[in-house]
Amino acid sequence: MKKPVVLTRQDLYERVWSKPMSVLAREVGVTGNARAKMCDRIRVPYPSRGHWAKARSGKAPECPQLPPAIDGQAGPITISGVRALSRRAQTRMSREARREQLVSVAADILMREGAH
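Within any chain, residue numbers begin from 1 and follow the written order of that chain's sequence. Side-chain atom pairs in this predicted model are given and counted only at pLDDT of 80 or more, local residue features only at pLDDT of at least 70, and totals for whole chains, interfaces and linings cover all residues. The side-chain quantities take in all heavy atoms of the structure and omit both hydrogens and water.

S.K.: Looking at this structure, how should I read the overall build of the protein chain?
M.R.: Note on conventions: DSSP H or I runs of at least 4 residues are helices, E runs of at least 2 residues are strands, and numbering of each starts at the N terminus. From N to C terminus, the protein chain includes 5 helices and 2 strands. The N-to-C order of helical and strand elements in the protein chain reads β-α-α-α-α-β-α. We compute the radius of gyration from the C-alpha atoms alone; for a globule the expected value is 2.2 Å times N to the 0.38, where N is the number of residues. A globule of 116 residues ought to have a C-alpha radius of gyration of about 13 Å, yet the protein chain, at 23 Å, is considerably larger. Buried positions account for 20% of the 116 residues belonging to the protein chain. In this analysis, two residues are considered to be in contact whenever any of their non-hydrogen atoms come within 4.5 Å of each other. Within the protein chain, residue pairs in contact and separated by at least 24 positions form 69% of the contacts whose partners lie at least 6 positions apart. Here the Shrake-Rupley method, with its probe set to 1.4 Å, supplies the accessible areas, and only the displayed protein chains count as covering residues. Looking at the protein chain as shown, the accessible area adds up to about 9,300 Å², and 54% of this sits on carbon and sulfur atoms. Relative accessibility thresholds used throughout: buried, under 20% of the residue-type maximum; exposed, over 50%; partly exposed, between the two (1.4 Å probe, protein chains only).

Rendered as structure tokens:
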């Protein structure tokens, strides 16, 4: 289990503009998409897709300023690297159970509305 990472908004801002999101995400044990959502939530701008390729060729646009924090967002940010307990586990029905469910629902609709 990864140790939680605690950052300030300024630290997060500096990190996202220092290397690609996928690299940063691996360092703390979350996906690049999760890292982007985190930045969106606390108003931390991050590079757009293709930024690092442009940077290698010397054509990267300047990084924007870090906007002021909204009330309640100035505190530290903790990235646990562990899936939140509030997330439900993905479950999938077997093919047979799904087929039975679909047939049952279709039969209910036919009984209620008839065939047209």
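Still more to cover.
S.K.: Explain helix α5 (residues 95–113) to me, please; I cannot follow it from the model alone.
M.R.: Residues that lie three or four places apart on an α-helix share one face, since the helix turns once every 3.6 residues. Spanning 19 residues, α5 covers 27 Å between terminal C-alpha atoms, matching the ideal 27 Å at 1.5 Å per step. One or two residues past the end of α5 sits Gly 114, with phi positive at roughly 75°. By this rule, a helix spans an expected 1.5 Å times one less than how many residues it contains.

S.K.: Is there a simple way to think about helix α1 (residues 9–16) in this case?
M.R.: Those residues of α1 not exposed but buried are Arg 9, Leu 12, Tyr 13 and Val 16. Here the buried residues of α1 occupy an arc of 100° about the axis, which is enough to place them on one side. Buried residues along α1 sit against β1 (5–7), α2 (21–28), α3 (32–41), α4 (51–56) and β2 (77–79). An arc is given here, and it is the one of the directions from the helix axis to the C-beta atoms.

S.K.: Is there a simple way to think about the nonpolar core in this case?
M.R.: A general tendency of soluble globular proteins is for nonpolar side chains to be buried together. In this structure, Leu 12, Val 16, Cys 39, Val 44, Ile 77 and Ile 79 are the most contacted members of the largest nonpolar core, which totals 16 residues. Sorting the residues of this core by element identifies β1, α1, α2, α3 and β2 as the ones contributing at least two each. Discounting residues that sit within four places of it in the chain, Ile 77 has contacts with Val 5, Val 6, Leu 7, Thr 8, Arg 9, Leu 12, Met 38 and Ile 42. The term nonpolar core refers to a set of buried residues drawn from Ala, Val, Leu, Ile, Met, Phe, Trp, Tyr and Cys, joined through side-chain atoms within 4.5 Å.

S.K.: I would appreciate a short explanation of unusual backbone geometry in the present structure.
M.R.: Leaving glycine aside, a negative phi is the common case for residues, and trans is the common case for peptide bonds. Look at Arg 43: it is not a glycine, yet its phi comes out positive at around 60°. Summarising the element assignment, Arg 43 is placed in the loop between α3 and α4.

S.K.: Explanation requested: the side chain of His 51 in the structure shown.
M.R.: Its location among the elements puts His 51 in helix α4. By relative accessible area, His 51 is classed as buried at 7%. Apart from residues no more than four positions distant in its own chain, His 51 is found in contact with Trp 17, Ala 60 and Pro 61.

S.K.: Would you take a moment to explain the side chain of Arg 35 for this structure?
M.R.: With respect to the helices and strands, Arg 35 occurs in helix α3. For this count, His and the chain ends are skipped, Lys and Arg are scored as positive, and Asp and Glu as negative. A pair is scored as a salt bridge if a Lys or Arg side-chain nitrogen falls within 4 Å of a carboxyl oxygen belonging to Asp or Glu. Buried and without a salt bridge, Arg 35 has Glu 27 as its closest oppositely charged side chain, separated by 6.4 Å.

S.K.: I keep staring at the state of the cysteines and nothing clicks. Help me out?
M.R.: Throughout this description, disulfide means a covalent bond between two cysteine sulfur atoms. In this description, a disulfide is simply a cysteine sulfur pair whose atoms lie within 2.5 Å. Per the counting criterion, the structure on display carries 0 disulfides. Not part of a disulfide, Cys 39 finds its nearest cysteine sulfur in Cys 63, a span of 13 Å. Overall, Cys 39 belongs to the buried group, its relative accessible area being 0%.

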